[in-house]
Amino acid sequence: MLHIDRAFIVIAILYALLGQVLGIWMGINQDFGHRHLHAHINLVGWVSLALAGLVYRSYPKMAGRALARWHFWVANLGALLLTSGIFIVNAYDVEIVVVVGSLLAIVATAMLLANALAGME
């Protein structure tokens, strides 16, 4: 069985590493053109996913619901599309990927809320 709390936290740590590497790269090169991407990798990828993992760790009943698994996949797809979409907007001025990713991130947060409202025992 998928331990949803661990899955969220492991993915979040990968985003943290990616955000840190991008931040160091920008600093070394004194090129901060990807600062928005860096911020969103850290906020949506690292912070949001890690917090979801900690919530599920704290409330096992929530973690056991099918909604938690759906939340995991929607949140991950949203984070991936949102962050890669920011890069695509910067490089190619094409917005659809970031729009879809942003909407999925909102849906994922709404799924977490719905799961919490269903009971956090």
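Anyway, here's the lowdown on the structure attached to this text. (Residues numbered from 1 in each chain as written. Predicted model: local features only at pLDDT ≥ 70, side-chain atom pairs only at ≥ 80, totals over all residues. Heavy atoms only, no water.)

## Concerning the nonpolar core
Counting residues in hydrophobic clusters, the biggest one holds 27 residues, and the most contacted among them are I4, F8, L49, Y56 and L82. Those elements that provide at least two residues to this core are α1 (4-29), α2 (35-58), α3 (60-63), α4 (66-92) and α5 (96-117). With sequence-adjacent residues up to four places away left out, I4 is seen in contact with Y56, A63, A68, R69 and F72. (Core = buried A, V, L, I, M, F, W, Y, C linked by side-chain atoms within 4.5 Å. Buried < 20%, exposed > 50% of the residue type's maximum accessible area, 1.4 Å probe, protein only. Helix = DSSP H or I, 4+ residues; strand = E, 2+ residues; numbered from the N terminus. Contact = heavy atoms within 4.5 Å.)

## Points about a nonpolar patch on the surface
Together, V10, I13, L14, L17, L43, W46, V47, L51 and L54 line one region of the surface with nonpolar side chains, adding up to about 800 Å² of accessible area. Elements that contribute at least two residues to the nonpolar patch include exactly α1 and α2. Take the nonpolar patch: its biggest share by element is five residues, from α2. Within the element layout of this structure, L17 appears in helix α1. (Patch = residues over 30% accessible without salt bridge, like charges linked within 9 Å, V, L, I, M, F, W, Y side chains within 5 Å. Areas by Shrake-Rupley, 256 points an atom, 1.4 Å probe, with all protein chains shown as cover. Salt bridge = Lys/Arg side-chain N within 4 Å of Asp/Glu carboxyl O.)

## Quick look at the side chain of H34
Turning to its location among the elements, H34 is positioned in the loop between α1 and α2. What H34 contacts, discounting residues up to four positions off in sequence, is L22, W25, M26, F87 and N90.

## Description of the pattern of salt bridges
A side chain with one charge can pair with a side chain of the opposite charge if their charged atoms come near. Evaluated as defined, the whole model comprises one salt bridge. Salt-bridge contacts for R57 lead to D5; the nearest nitrogen and oxygen are separated by 2.8 Å. One end of the pair, R57, is in helix α2; the other, D5, is in helix α1, and 52 residues separate them in sequence. R57 gets classed as exposed once you look at its relative accessible area, which sits at 52%. With relative accessibility at 9%, the residue D5 sits in the buried group.

## Examining the packing of α1 against α4
Interhelical geometry of α1 versus α4 gives an angle of 10° and a closest axis separation of 10 Å. In terms of orientation, α1 lies roughly parallel with respect to α4. On α4, the residues that touch I4, A7, F8, I11 and Y15 of α1 are A68, R69, H71, F72, A75, N76, A79, L80 and T83. Of the residues contributing to the contact of α1 with α4, the split by class is 10 nonpolar, three polar and one charged. (Axes fitted to C-alpha atoms, helices over the stretch in contact; angles between N-to-C directions. Parallel < 35°, antiparallel > 145°, perpendicular 65-115°, else oblique. Nonpolar A, V, L, I, M, F, W, Y, C, P; charged D, E, K, R; others polar.)

## Side note on α2
Spanning 24 residues, α2 covers 33 Å between terminal C-alpha atoms, matching the ideal 34 Å at 1.5 Å per step. By the burial criterion, the buried members of α2 are L37, I41, N42, V44, G45, L49, A50, A52, G53 and Y56. Buried residues along α2 sit against α1, α3, α4 and α5. (Expected span 1.5 Å × (residues − 1).)

## Looking at the layout of surface pockets
Taken as a whole, the largest pocket holds about 210 Å³ of empty space. When residues of the lining of the largest pocket are traced back to their parent elements, those giving at least two are α2, α4 and α5. With six residues, α2 is the largest single contributor of residues to the lining of the largest pocket. Tallied by class, the residues present in the lining of the largest pocket amount to 10 nonpolar, three polar and no charged. (1 Å grid on protein atoms, 1.4 Å probe; cavity = no way out; pocket = protein on both sides within 12 Å on 5 of 7 lines; lining within 4 Å. Points joined across faces, edges and corners; volume = space filled by probe spheres on them.)

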